[in-house]
Amino acid sequence: ALSVDGAFSNGITSSTFQNNKAGNEGLGGAVYLADTFSGGITGSQFEGNQALSGGAIYLQNGGIDNISGQSLFEGNVATALNGRSSGAGGAIALNDGDLTITSALFANNKAVGEAGDPSSGRGGAIYINTFSADRTVNLTPDTNSAAVLEGNTMNPGLSGEVPNSIYFANDADISVSAARTSTLNINTAANTQVIMLDPLASQADNSSSNMYSMANLTVNVNKNGPGLWVLGGESNMAGSGAWNITR
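Predicted, not measured: the structure shown is a model, and the values here were computed from it.

Cut-offs used in this document
Residues numbered from 1 in each chain as written. Predicted model: local features only at pLDDT ≥ 70, side-chain atom pairs only at ≥ 80, totals over all residues. Heavy atoms only, no water. Helix = DSSP H or I, 4+ residues; strand = E, 2+ residues; numbered from the N terminus. Contact = heavy atoms within 4.5 Å. Phe/Tyr/Trp six-rings, centres within 6.5 Å; stacked < 30°, edge-to-face > 60°. Buried < 20%, exposed > 50% of the residue type's maximum accessible area, 1.4 Å probe, protein only. Salt bridge = Lys/Arg side-chain N within 4 Å of Asp/Glu carboxyl O. Pairing = 2+ DSSP bridges.

Visitor: Explanation requested: the environment of T183 in the structure shown.
Guide: For T183, the position within the fold is in strand β23 (residues 180-187). Along the chain, T183 and A242 lie 59 residues apart, while their C-alpha atoms are 9.6 Å from each other. Dropping the residues within four chain positions of it, T183 is found in contact with R135, T136, V137, N220 and N222.

Dropping the structure here:
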């Protein structure tokens, strides 16, 4: 539907991307961006899109400054195939970018791996790859609104489907791998909510896969403010990190 090789600064507003499939490269079922993206995503729907990675959206070098306006990501699927891609990010796959969400629903998205490669099929809703600089994910809902993630699953290496909302990774070519830190900030002011019924996950340190070298990754989780954060399931943070809960 949308493929941009350079920087894209127009944002995406009040748009619907439905039942799209990625082309030859297999990245980003609805949107593929090779460079930086600004302007955010507002009041838009991404439903039933498919790709090898980034079922709805794939960003090669950059992040998303805001997803807002009750945007919807539902039923998108990333599926690994013949070692060509890792099946990362059922809805969104970000390589080397930050992400902020203020008002959105991520529901029933899937990341499906490839047999024999446990590094494939990660990030049921969102896959964050931090390989050239430390990165940050902010869940900062608007007043009287919520960021909701529910029914999202991943199936690493076809080992079995498990619930997952956000997966943090540090995947890169062996020559450029270095220890990195990802930070998840849950910023809930009064009368705001983050409803994350699917747990978090991150990679194990110093492992390898069919496609990548996975270097050390520290994930820090910070909960700030009096608003509500609901986290379901059992989060599998395989590397190092810290959870800091403040009110």
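Visitor: Explain the packing of aromatic side chains here, please?
Guide: Each aromatic ring pair is characterised by the separation of its centres together with the angle its planes make. Applying the stated criterion to the full structure yields seven aromatic pairs. Ring geometry for Y127 versus Y167: centroids 6.4 Å apart, planes at 15°, classification stacked. Placement of the pair is Y127 in strand β16 (residues 126-129) and Y167 in strand β21 (residues 166-169), with a sequence separation of 40 residues. With respect to class, Y127 is no different from Y167; both count as buried. Each member of the aromatic cluster is reached from another via a ring pair, and the members are F17, F46, F73 and F106.

Visitor: Can you walk me through unusual backbone geometry in this structure?
Guide: For N19, which is not a glycine, the phi torsion comes out positive at approximately 60°. For N19, the location among the structural elements is in the loop between β3 (16-18) and β4 (31-33). For N19, a relative accessible area of 56% translates into the label exposed. A positive phi angle, close to 65°, is found at D96, a residue other than glycine. Within the secondary structure, D96 is located in the loop between β12 (92-95) and β13 (99-101).

Visitor: How should the pattern of salt bridges be read in this particular structure?
Guide: Oppositely charged side chains are able to pair whenever their charged atoms sit close together. One pass over the full model with this rule turns up two salt bridges. Here K110 and E161 are joined by a salt bridge, their closest N and O atoms 3.8 Å apart. Within this pair, whereas K110 is found in strand β15 (residues 110-112), its partner E161 is found in the loop between β19 (153-155) and β20 (162-163), the two being separated by 51 residues in sequence. Its relative accessible area of 36% is what places K110 among the partly exposed residues. Classification of E161 by relative accessible area gives partly exposed; the value is 49%.

Visitor: Would you mind showing me how to read the sheet that holds β4 here?
Guide: In any sheet, the strands associate via hydrogen bonds between backbone groups, in a parallel or an antiparallel arrangement. Read across the sheet, eight strands follow the order β1-β4-β8-β12-β16-β21-β25-β30 without closing on themselves; strand pairing throughout is parallel. Lying at the two open borders of the sheet, with one neighbouring strand each, are β1 (2-4) and β30 (236-237). Where β21 meets strand β25 (residues 201-202), two bridges bridge the pair, whose relative direction is parallel. Looking at β25, one finds that Y167 is bridged to A201.

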